[in-house]
Amino acid sequence: MTDASPFPKDFLWGASTAAYQIEGSADADGRLPSIWDTFSATPGKTRDGDTGNEACDHYRRWREDFAIAEGIGLRAYRMSVSWARLQPTGRGELNPKAVAFYREQLEDLRSRGIRPFVTLYHWDLPQVLEDEGGWPERATALMFADYAARTAEALGDLVEDWIPVNEAWCAAFLGYADGVHAPGRTDLAAALRAAHHLNLGHGLAVKAIRERQPEARVGSAVILTDIEAASDSPEDAAAARLADGSGNRLFLDPLFKGSYPEDVVAHYGPTGAFAAVEPGDMETIAAPLDFVGVNHYHHFRVAADDADARMGASNLPAQGPLTSFGWEITPDSLRRILERVHAEYTDLPVYVTESGASFDDEVGPDGTVDDQARVDYLDGYFRAAGAAVEKGVDLRGYFVWSLVDNFEWGEGYSKRFGLVHIDYRTQRRTLKRSADWYRGVIASNGADLHWD
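Residues numbered from 1 in each chain as written. Predicted model: local features only at pLDDT ≥ 70, side-chain atom pairs only at ≥ 80, totals over all residues. Heavy atoms only, no water.

1. Quick notes on helix α13 (residues 331–344)
The terminal C-alpha atoms of α13 lie 20 Å apart, and with 14 residues this matches the ideal 20 Å at 1.5 Å per residue to within 8%. Considered for burial, the residues of α13 that qualify are S333, L334, I337, L338, E339, R340 and V341. (Helix = DSSP H or I, 4+ residues; strand = E, 2+ residues; numbered from the N terminus. Expected span 1.5 Å × (residues − 1). Buried < 20%, exposed > 50% of the residue type's maximum accessible area, 1.4 Å probe, protein only.)

2. Section: the packing of aromatic side chains
Any aromatic ring pair is given by two values, namely how distant the centres are and how the planes are angled relative to each other. If you walk through the whole model with that rule in mind, you get 45 aromatic pairs. When the centroid spacing of 5.8 Å and the interplanar angle of 10° are considered together, the rings of F382 and W437 count as stacked. Taken together, the residues F382 in helix α14 (residues 372–390) and W437 in helix α15 (residues 433–444) connect sequence positions 55 residues apart. In this structure, F382 and W437 share a single accessibility class: buried. (Phe/Tyr/Trp six-rings, centres within 6.5 Å; stacked < 30°, edge-to-face > 60°.)

3. Focus on the packing of helix α9 (residues 188–212) against helix α10 (residues 234–257)
Contact geometry for α9 and α10: axes closest at 11 Å, N-to-C directions at 35°. Note that α9 runs across α10; the crossing there is right-handed. Counted together, L192, A195, N199 and H202 of α9 and L250, F251, P254 and L255 of α10 form the full contact between these two elements. Taken together, the residues that form the contact of α9 with α10 break down as six nonpolar, two polar and no charged. (Axes fitted to C-alpha atoms, helices over the stretch in contact; angles between N-to-C directions. Left-handed = near helix turned anticlockwise from the far one by under 90°. Contact = heavy atoms within 4.5 Å. Nonpolar A, V, L, I, M, F, W, Y, C, P; charged D, E, K, R; others polar.)

4. Brief notes about the environment of G356
Relative to the helices and strands, G356 is located in the loop between β11 (350–355) and α14. Residues G356 and A385, 29 residues apart in the sequence, show an inter-C-alpha distance of 13 Å. Dropping the residues within four chain positions of it, G356 is found in contact with Y297, Y377, W401 and F417.

Next comes the structure, spelled out in structure tokens:
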């Protein structure tokens, strides 16, 4: 490390994207619908009826985007491959055109000196598998293992770092319990079964990758929320504990302790969802990893609330400053999360695999995008990450969400997270002030941050 920065000299400064959010070309070269194609095409499901049919046109413009990434100085890039593109029917041989597409991308990244981290599942389940029951069914985890094995065989010579599943909590609860993400179902027991099968799919994919690429590094991308009790009352403390169990421990404990949290099992036991756990599942899920990926966006204060049927808890209103999503900007929450993972779960290397903020970015009269709010946000969260390093967390990299503005799921194109502005009418790319600022941070390895 340098005197001015706590980050190791080989720290991976990167950015993240996801296939459905940027690729577009939804029916090109043999791709078939995913659950997000179906969901976003359903009236009333997304803001303004937006879909990912075109998105950022990355399927055709990826060379331009990778040139931008190289110009910013990114040392690593986290991308996802589309299950619906690689294996359109969710089974059988991979689509050769999709394999060629991703191989060309990976070769280009490597030629630019940018290390790819590849996520196998970032929520684009082939619709045919949802029609057969989706993630609440064990068969989907088994199909995912086959997809992982075939993809590792097809791309493994170009990929050293794999992440099987992105944010299983979101895929399970937002998709199957709350209905605000694809596939739009509202069945708590189904969501809990989906959570288990997403966890199981992760473990099966780890095994499949290791069998075909023994030297690969395999990790996770778990979304973790910093949860605080609204008061010292036993009721609020219990509510916060259960919220933490449902959102964080339901996914961390199986990965690193080989079991589901007893309080969560007791609370949700009446749904019957945990009957989906079969002998050997927990050992599969807890397969040894090479790194832990942490996605982090939220800090919540939780109070007991008898009116809440699911957990008897509610989140207090967010306190400013806020992002355009209304999310609190609390950098120290990232430090707490990183230190907690290190203290309670694992001493494995850690990557912040996603962290970022949406703001109402506009192109000014001079053609520039002055997103000073994002610069301030990232400066604070990078310094919080540095503080965790100083506390002993083996943090190896930080992936900003996101490289480019993109389709923000249920919010459509109304939320902008990118370092690069996308004009969705023309597909014109404009580097924001934050991209230029990030270039300096990378060049100085964090020494240019506003260290206190």
